[in-house]
Amino acid sequence: MSIDEATPQSSDAPAYGRFPQPDEPDHRGRDWSPDWHEVAGRLLTHLDEDTTDSLPSTLTVPVDDYLDPLRWEREVESLFRRGPVVTALSGHLPETGSYRAVEIAGVPVLTVRQDDGGVKAFVNSCRHRGALLAEEGCGQTRRFTCPYHAWSYDIEGGLRGISGRAKFGDVDTDTHGLTELACAERSGMVFTVLTPGAELDVDDWLGGYDTALDMLGLAGMELLDERHLIGPNWKVAYDGYLDGYHLDILHKDTLGVDTMGNVMTWDAWGPHQRVAFARRVTPELRDIPSDEWQPAKHVGFVHTVFPHVSVAGNGGRGAMVSQLLPGPTPDRSRTIQTHLIAADADDEERAATLKRADFLEWVVNEEDYRTGLGIQSALGSGANTEFTFGRNEPGNQTFHRSVDEFLDSTPVERPFRK
């Protein structure tokens, strides 16, 4: 079901009324049905009343949370190596033998489409002497061959060839296959736990959020282009993806031309979140019968998947999926912008989407990350000992509280949260 298909289409669709912020914005583990129409109404209500979705109070976050190397190491270990992360999109793996190789939190991972249509994930490392089997990126193959000594593996991870085997000696091929990682595909994403031997219950992890993600249509899209960006500390970078407060300030001549700042709706599924922004054209809905509303045109959505994915798109024809990954040091991160497009898109639509990709790469690099790197350079100055997230920044507050909750699962000293 797409966004427009989820919009009431009957002649007796409800007229525009008041749609307040839900009393229970966290949908995790509860029944949920598509609500794009209600989200549009919530935005109209905020515009009428000069309000936005908010929390009861502000939240202070110690600046040291962005600086402390011990905390950063615990974040990498707890969130990125022990918790589910997205290692590939369905669009990266269109056919049998399609693979994506990427490094996340120091772990090289290989995600591969299988003969039965399923997926498997492996540590991208030969079992002989550990060399990478595939360079970072996407490809298609029936066999991975180590560039060091030419040991080879099939797409199921089995060891199938040992060069010069008669001279090498005895090897138990059954115990020297690639090291497999738990993974599962949902909503156009492949979720993987990077710790060998760990288990994954993806349905429990998503808590029903896949129902909302399914409406984006990612599973039916194909890979168009990919960009790589360098940013500040991963949390400094991620803060911007949940923040509607800055849209018409930092981005006044770019995203702010189309999107309003400080007017948004917010819904959560545990640590996963969906924010929707009012567009300059949103007020037009007041003069349009509700059964003719087109939320795909009038609402701007961002879906985040904790701890490191942001999806910008309203479903249907395309989306930009951003993977935020911790860098080699606490003060840097890496972002992979993956642009997906409908499989039946024509040349004109593809060209327009590539032009949009150029625009978004520039905005993130020159506005978001330029600002973020400036923040990073000043963090250790002592000018600020804590940052305050406003009531109007519920996504940011929820993100930082979620990080703390996951760190609580391992012994770590951290400042007390007010």
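All values derive from a computational prediction rather than experimental measurement. (Residues numbered from 1 in each chain as written. Predicted model: local features only at pLDDT ≥ 70, side-chain atom pairs only at ≥ 80, totals over all residues. Heavy atoms only, no water.)

## Overview of the overall build of the protein
Scanning the protein from N- to C-terminus turns up 9 helices and 20 strands. Taking 418 residues into account, the globule formula puts the C-alpha radius of gyration at 22 Å, and the protein, at 23 Å, falls close to it. By principal-axis analysis of the C-alpha atoms, the protein measures approximately 80 × 55 × 40 Å. Expressed as a percentage of the 418 residues in the protein, the buried residues total 54%. Contacts in the protein between residues far apart in sequence, at least 24 positions, make up 67% of those at least 6 positions apart. Surface summary for the protein: the accessible area is close to 18,100 Å², and the carbon and sulfur share equals 48%. In the protein, 39 positive and 68 negative side-chain charges are present, and the distance between their average locations comes to 5 Å. (Helix = DSSP H or I, 4+ residues; strand = E, 2+ residues; numbered from the N terminus. Rg over C-alpha atoms; globule rule 2.2 N^0.38 Å. Buried < 20%, exposed > 50% of the residue type's maximum accessible area, 1.4 Å probe, protein only. Contact = heavy atoms within 4.5 Å. Areas by Shrake-Rupley, 256 points an atom, 1.4 Å probe, with all protein chains shown as cover. Lys, Arg positive; Asp, Glu negative; His and termini not counted. Charge placed at Lys NZ, Arg CZ, Asp CG, Glu CD.)

## Section: the pairing of strand β17 (residues 309-312)
Two faces make up the sheet, and in a regular strand the side chains alternate between them. One ladder, built from 4 bridges, connects strand β16 (residues 299-305) with β17; its direction is antiparallel. Its bridge partner being in β17, Val-305 is matched across the sheet by Val-309. The hairpin formed by β16 and β17 contains 3 residues between the paired strands. Bridge analysis of β17 against strand β18 (residues 318-326) gives 4 bridges, and the strand direction is antiparallel. Bridge pairing in β18 links Ser-310 to Ser-322. (Pairing = 2+ DSSP bridges.)

## Considering the nonpolar core
In this structure, Ile-104, Met-189, Phe-191, Leu-218 and Val-311 are the most contacted members of the largest nonpolar core, which totals 65 residues. Considering each element in turn, this core owes the most residues, 5 residues, to helix α1 (residues 36-49). Residue contacts for Val-311: discarding those within four places in its chain leaves Met-189, Leu-216, Leu-218, Phe-301, Val-302, His-303, Ala-319, Met-320 and Val-321. Within the second largest apolar cluster, 18 residues are counted, among which are Ala-131, Phe-144, Trp-151 and Tyr-153. (Core = buried A, V, L, I, M, F, W, Y, C linked by side-chain atoms within 4.5 Å.)

## So, the confidence of the model for the protein
The pLDDT averaged across the protein works out to 92; a share of 94% of its residues lies at or above 70. Under a pLDDT of 50 for its full length, residues 412-418 has, in the predicted model, 18 contacts with residues more than four places off or in other chains. (pLDDT = per-residue confidence, 0-100.)

## Overview of helix α9 (residues 394-407)
Over its 14 residues, α9 runs 20 Å from end to end, which matches the ideal 20 Å to within 8%, given 1.5 Å per residue. Burial of α9 is extensive: 11 of the 14 residues sit out of reach of the surface. Listing the buried residues of α9 in full gives Pro-394, Gly-395, Asn-396, Gln-397, Thr-398, Phe-399, His-400, Ser-402, Val-403, Asp-404 and Leu-407. (Expected span 1.5 Å × (residues − 1).)

## Comments concerning the pairing of β16
With 7 of 7 residues buried, β16 is to be regarded as a mostly interior element. Here β16 shows no split at all, with Val-299, Phe-301, His-303 and Val-305 on one side and Gly-300, Val-302 and Thr-304 on the other all buried. Both strand β15 (residues 272-279) and β16 contribute to a ladder of 6 bridges, which runs antiparallel. Residue Arg-274 lies in a different strand from β16, and its bridge partner there is His-303.

## Focus: the environment of Asp-331
Tracing the chain through its elements places Asp-331 in the loop between β18 and β19 (333-342). With 49 residues separating them in the primary sequence, Asp-331 and Gly-380 have C-alpha atoms 11 Å apart. Beyond its immediate chain neighbours, meaning those up to four positions away, Asp-331 contacts Gly-231, Pro-232, Asn-233 and Gln-376.

## Focus on the packing of aromatic side chains
Inspection of every chain in the model, using the stated rule, returns 14 aromatic pairs. Between Trp-36 and Phe-301, the ring centres sit 4.2 Å apart and the planes meet at 80°, which makes this aromatic pair edge-to-face. Of this pair, Trp-36 sits in helix α1 while Phe-301 sits in strand β16, placing them 265 residues apart in sequence. According to the relative accessible area criterion, Trp-36 is buried, its value standing at 2%. Judged by relative accessible area, which is 3%, Phe-301 ranks as buried. (Phe/Tyr/Trp six-rings, centres within 6.5 Å; stacked < 30°, edge-to-face > 60°.)

## Remarks on the sheet that holds strand β5 (residues 119-123)
Here we have 5 strands laid out as an open sheet, ordered β6-β3-β4-β5-β10, and antiparallel in their pairing. A single partner strand is all that each edge strand has here, and the edge strands are β6 (137-140) and β10 (180-181).

## A closer look at the packing of helix α6 (residues 234-241) against α9
Put simply, α6 and α9 touch, their axes get as near as 9 Å, and they point 145° apart. The element α6 and its partner α9 pack so that their crossing is right-handed. Residues Trp-234, Lys-235, Tyr-238 and Asp-239 of α6 form the contact with α9, whose own contacting residues are Asn-396, Phe-399, His-400 and Val-403. Split into classes, the residues belonging to the contact of α6 with α9 amount to 4 nonpolar, 2 polar and 2 charged. (Axes fitted to C-alpha atoms, helices over the stretch in contact; angles between N-to-C directions. Left-handed = near helix turned anticlockwise from the far one by under 90°. Nonpolar A, V, L, I, M, F, W, Y, C, P; charged D, E, K, R; others polar.)

## What to know about the pattern of salt bridges
Scanning the model with the defined rule gives 27 salt bridges in all. One salt bridge connects Arg-28 with Asp-204, and the closest N-O pair in it is separated by 4.0 Å. With Arg-28 in the segment before α1 and Asp-204 in helix α4 (residues 202-206), the pair connects residues that are 176 residues apart, well separated along the chain. By relative accessible area, Asp-204 is classed as partly exposed at 49%. A salt bridge links Arg-160 to Asp-154; the shortest N-O distance between them is 3.0 Å. Connected through shared salt-bridge partners, Asp-35, Arg-42, Asp-53, Asp-267 and Arg-274 make up one network. (Salt bridge = Lys/Arg side-chain N within 4 Å of Asp/Glu carboxyl O.)

## Quick word on the side chain of Asp-243
Its place among the elements puts Asp-243 in the loop between α6 and β14 (259-269). Not counting residues within four places of it along the chain, the set of residues in contact with Asp-243 comprises Phe-277, Glu-393 and Asn-396.

## Re α6
Across the 8 residues that make up α6, a large majority, 7, are buried. All of the buried residues in α6 are Trp-234, Lys-235, Val-236, Ala-237, Tyr-238, Asp-239 and Tyr-241. A side-chain oxygen of the first residue of α6 lies 2.8 Å from the backbone nitrogen of Lys-235; this N-cap is Asn-233. (Polar contact = N/O pair within 3.5 Å; in protein donor to acceptor, adjacent residues only side chain to side chain.)

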